[in-house]
Amino acid sequence: MTECVFCKIANGEIATNLVAESEHAVAFNDIHPAQPIHVLVVPKRHFTDIADLAAADEVVLLDLLKLGTKVADEMSTGSFRFQFNTGAEAGQTVFHAHGHITSRTPRL
Ligand code: 5GP
Ligand code: ZN
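Note that the structure is predicted; figures quoted are calculated from it, not measured.

Definitions and cut-offs
- Residues numbered from 1 in each chain as written.
- Chains lettered and ligands numbered in written order.
- Predicted model: local features only at pLDDT ≥ 70, side-chain atom pairs only at ≥ 80, totals over all residues.
- Heavy atoms only, no water.
- Near = heavy atom within 4 Å.
- Polar contact = N/O pair within 3.5 Å; in protein donor to acceptor, adjacent residues only side chain to side chain.
- Areas by Shrake-Rupley, 256 points an atom, 1.4 Å probe, with all protein chains shown as cover.
- Helix = DSSP H or I, 4+ residues; strand = E, 2+ residues; numbered from the N terminus.
- Nonpolar A, V, L, I, M, F, W, Y, C, P; charged D, E, K, R; others polar.
- Buried < 20%, exposed > 50% of the residue type's maximum accessible area, 1.4 Å probe, protein only.
- Pairing = 2+ DSSP bridges.
- Donors = N, O, S within 2.8 Å, 3.2 Å for Na, K, Ca; no water.
- Tetrahedral: all angles 85-135°; square planar, octahedral: opposite > 155°, others 65-115°.
- Axes fitted to C-alpha atoms, helices over the stretch in contact; angles between N-to-C directions.
- Contact = heavy atoms within 4.5 Å.

### A short note on the site of ligand 1
Move 1: The immediate surroundings of ligand 1 are formed by 16 residues, with Asp30, Asn85, Gly91, Thr93 and His100 found nearest.
Move 2: The side chain of Asn85 places a nitrogen or oxygen atom 2.9 Å from an oxygen atom of ligand 1.
Move 3: Calculation on ligand 1 without its partners gives an accessible area of 520 Å², and the protein chains cover 80% of this total.
Move 4: Of all elements in the fold, only α1 (5-10) and β2 (25-29) reach the threshold of two or more residues within the shell around ligand 1.
Move 5: Here the shell around ligand 1 gets three residues from one element, more than from any other, and that element is α1.
Move 6: Residue classes in the shell around ligand 1 are distributed as seven nonpolar, eight polar and one charged.

What follows is the structure, encoded as structure tokens:
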């Protein structure tokens, strides 16, 4: 059992419409979108933040980065941000590694 909300989303304990999935990561819409496109990309396994993930498993890291850029390319016109808030003072509120993909220019 885990209390981590992104572990619960990744393992299906919390039903969520996934935008995309790869071997090691899932992508889903942020519950409070800040821009017309706001997708979170998270590893299926628990890591505290992107630094923890990068130090621990470069296969999962690359898989997550590739899934995120694929989703961003498919959903936007090619202009997007892919941001990893790391640490509470940088605005991280969920301590399961995740990247935010945001874009103001959805592909219609
Ligand atoms: P952070 O501030 O840690 O970088 O980003 C956490 C993000 O997760 C926030 O943008 C917040 O809206 C989103 N979030 C938190 N809980 C949930 C949830 O249960 N479902 C979804 N889809 N997004 C969530
Ligand atoms: Zn977790």
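### Side note on the pairing of strand β5 (residues 99-103)
Move 1: Of all five residues that make up β5, five are buried, and the element is covered over most of its length.
Move 2: Pairing geometry for strand β3 (residues 37-43) and β5, over five bridges, is antiparallel. Of the residues in β5, the one forming a bridge with Val41 is Gly99.
Move 3: Pairing geometry for strand β4 (residues 81-83) and β5, over three bridges, is antiparallel. Each residue of the ladder has a partner; that of Gln83, found in β5, is His100.

### Section: the coordination of the zinc ion (ligand 2)
Move 1: Coordination sphere of the zinc ion (ligand 2), protein contribution only: Cys4 (SG), Cys7 (SG), His46 (ND1) and His96 (ND1), at 2.0 to 2.3 Å.
Move 2: Each of the four donor atoms bound to the zinc ion (ligand 2) contributes to angles spanning 104 to 117 degrees, and the resulting shape is tetrahedral.
Move 3: All donors to the zinc ion (ligand 2) come from one chain, and their sequence spacing reads C-x2-C-x38-H-x49-H. Within this pair, whereas His46 is found in the loop between β3 and α2 (50-56), its partner His96 is found in the loop between β4 and β5, the two being separated by 50 residues in sequence.
Move 4: A residue is classified by how much of its surface remains accessible, and His46, at 39% relative accessible area, is partly exposed.

### As for the sheet that holds β2
Move 1: Sheet architecture is open: five strands sit in the order β1-β2-β3-β5-β4, paired in antiparallel fashion. This sheet does not close on itself; its edge strands, each paired only once, are β1 (18-21) and β4. Put simply, the sheet's adjacent strands are angled 20 degrees from each other on average, direction ignored.
Move 2: Packing of helix α3 (residues 58-75) onto the sheet brings it into contact with β1, β2, β3, β4 and β5, and relative to β3 it is tilted by some 160 degrees.

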